[in-house]
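Structure assessment
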Amino acid sequence: MRDERFDVFSALLLRLYRASAETSLESYQDTALGIIKPLLPFDGAMWGTATFLDGVGIDIHTIHLHQQSPEMIVEYEAVKHLDTSAALVTGEPQVTKGFHSPSWFDGGARWNDYREWQRRHGHENVFITAATDQHSGATQWFSLFRADIDQHCRSEEVGWLAQLSPHLMQGLSHNRARYLDSVSLLPGDASLEAAIADARGVVHYATPGCEEMLRAEFGRTGQGGRLPSALMEWMRARPEPFVGRTFAAMHRVRKDLLFIRLRALCAADSLPPRQREAAELMAQGLTHKQVAQRLGRAPATVRNQMQEVYRKLGVQSVAALAQALNQARG
């Protein structure tokens, strides 16, 4: 006899993976949580990535709130050192728990502030599921909250969530990679190496050649699973491409993540800014005189600059100039 629960579960997984392929970066997590809600009813949720610091609590890298107010996270900072549930799941390769908050945090006055925070935000019963990357030490987790103090987390529900959570997390990874494939950072960039990292530099996704390119540029890149600090400092402070000794990196920030494309250096990367801006205008079809007027320079200056540009790039025509510049355009 066919197991109807298997059919329901299979249909749910298909919906999750379809959502990862069809929904936007901003809407996938809400959509995925909505898909599992009929099976696992809940009133609110949060989904993020963090590391756990002894004596301090979790350091949140990324966070997505589902039917929870931003004040919840702001207020959490004052009580997170009391959150023993976070310590319970952080560092585990894969773990899922469900607990009744009044029972779990029934240790006297020391828990008063934390219990008040839970009551205020409807966390009377909590499911929490997490997976820790042993390479970077970062934990991806999500929590489901029930406001009704009597709506306990049943053991079979914890089992369902344990089965579902790897698929939700993999769906999120697919959704982010799909966005990286679709965003245009550079003409023809689909063949370039790429990475997705959070604000702490933890790498959530990388193509096979990405680590090799980082090592060639920076040598030992520090803690495993993280971008080199020098590259992170550049990307936090500047919107323009990073140009190093061996590669150039273009980046975009979306939903608290860095979406990065890397490519080997090309000849146009060596052009100083004044030569580059003159060359860009010439490539658009402007004359030396028009470029000079646009940039407030003498025509002779522009002519000399362009002679040097043509020499550096090894080109003889405007069409070849445009092609050379296109390779370096971020």
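Since this is a predicted model, take the numbers as computed values, not measurements.

Positionally, valine 318 belongs in helix 13 (residues 318-328). Judged by its relative accessible area of 37%, valine 318 falls in the partly exposed class. What valine 318 contacts, discounting residues up to four positions off in sequence, is Met282, Ala283 and Tyr310.

Read across the sheet, 5 strands follow the order 7-6-10-9-8 without closing on themselves; strand pairing throughout is antiparallel. Looking at which strands have only one partner, the edges of the open sheet turn out to be strand 7 (203-206) and strand 8 (242-243). Note that strand 6 (residues 193-198) and strand 7 share 3 bridges and pair antiparallel. Within strand 7, the position partnered with alanine 195 by the bridge is alanine 206.

With that settled, the discussion passes to unusual backbone geometry. Even without glycine at this site, lysine 255 takes up a positive phi of about 50°. The topology assignment puts lysine 255 in the loop between strand 9 (247-254) and strand 10 (257-264). Since its relative accessible area comes to 29%, lysine 255 is described here as partly exposed. For aspartate 256, which is not glycine, the phi torsion reads 65° and is therefore positive.

Another aspect to go through is the layout of surface pockets. Approximately 420 Å³ is the volume found for the largest pocket. Residue assignment for the lining of the largest pocket shows that the elements contributing at least two residues are strand 4 (125-132), strand 5 (139-146), helix 7 (155-182) and strand 7. Examining the composition of the lining of the largest pocket, we find that 6 residues originate from one element, helix 7, more than from any other. The residue inventory of the lining of the largest pocket, partitioned by class, reads 9 nonpolar, 9 polar and 2 charged.

Attention now moves to empty space enclosed by the protein. All chains considered together, the criterion is met by 3 cavities of 30 Å³ or more. If you add up the space inside the largest cavity, you get close to 210 Å³. In terms of lining residues, the largest cavity is bounded by 21 residues, among which Met46, Asp83, Ile128, Trp141 and Ser143 are the most central. The set of elements that each furnish at least two residues to the lining of the largest cavity consists of strand 1 (44-53), helix 4 (84-89), helix 6 (112-121), strand 4 and strand 5. Ranked by the residues each element gives to the lining of the largest cavity, the list is headed by strand 5, at 4 residues. Grouping the amino acids of the lining of the largest cavity by side-chain chemistry returns 14 nonpolar, 6 polar and 1 charged. By volume, the second largest cavity is sized at about 50 Å³. Sorting elements by how many residues they give to the lining of the second largest cavity places strand 2 (residues 57-66) first, with 3 residues. By residue class, the composition of the lining of the second largest cavity is 1 nonpolar, 3 polar and 3 charged.

Before going further, it helps to spend a moment on the packing of aromatic side chains. For the structure on display, the rule yields 13 aromatic pairs. Ring centres of tryptophan 47 and phenylalanine 142 lie 5.1 Å apart, and the angle between their planes is 45°; on these two criteria the pair is classed as tilted. Taken as a pair, tryptophan 47 in strand 1 and phenylalanine 142 in strand 5 lie far apart in primary sequence, 95 residues in all. Given the relative accessible area of 1%, tryptophan 47 is considered buried. A centroid spacing of 5.4 Å and a plane angle of 65° characterise the contact between phenylalanine 105 and tryptophan 111, whose relative ring orientation is edge-to-face. Grouping residues by exposure puts phenylalanine 105 and tryptophan 111 together as buried. An aromatic cluster is defined as three or more aromatic residues linked by ring pairs; in this entry it consists of Tyr76, Phe99, Trp104, Phe105, Trp111, Tyr114 and Trp117. Over the aromatic face of tryptophan 111 sits the side chain of arginine 110, whose NZ or CZ is 4.3 Å from the ring centroid. The lysine or arginine in question, arginine 238, covers the ring of tryptophan 234, its NZ or CZ lying 4.1 Å from the ring centre.

Of the residues making up helix 13, those classed as buried are Leu321, Ala324, Leu325 and Ala328. With its buried residues spanning 95° around the axis, helix 13 presents them on a single face. Relative to its buried face, helix 13 has exposed residues pointing more than 90 degrees away, namely Ala319 and Gln323. Summarising the contacts, the buried residues of helix 13 are in contact with strand 10, helix 10 (273-283) and helix 12 (299-313).

Calculation criteria
Residues numbered from 1 in each chain as written. Predicted model: local features only at pLDDT ≥ 70, side-chain atom pairs only at ≥ 80, totals over all residues. Heavy atoms only, no water. Helix = DSSP H or I, 4+ residues; strand = E, 2+ residues; numbered from the N terminus. Buried < 20%, exposed > 50% of the residue type's maximum accessible area, 1.4 Å probe, protein only. Contact = heavy atoms within 4.5 Å. Pairing = 2+ DSSP bridges. 1 Å grid on protein atoms, 1.4 Å probe; cavity = no way out; pocket = protein on both sides within 12 Å on 5 of 7 lines; lining within 4 Å. Points joined across faces, edges and corners; volume = space filled by probe spheres on them. Nonpolar A, V, L, I, M, F, W, Y, C, P; charged D, E, K, R; others polar. Phe/Tyr/Trp six-rings, centres within 6.5 Å; stacked < 30°, edge-to-face > 60°. Lys NZ or Arg CZ within 6 Å of the ring centre and 35° of its normal. Arc of directions from axis to C-beta.

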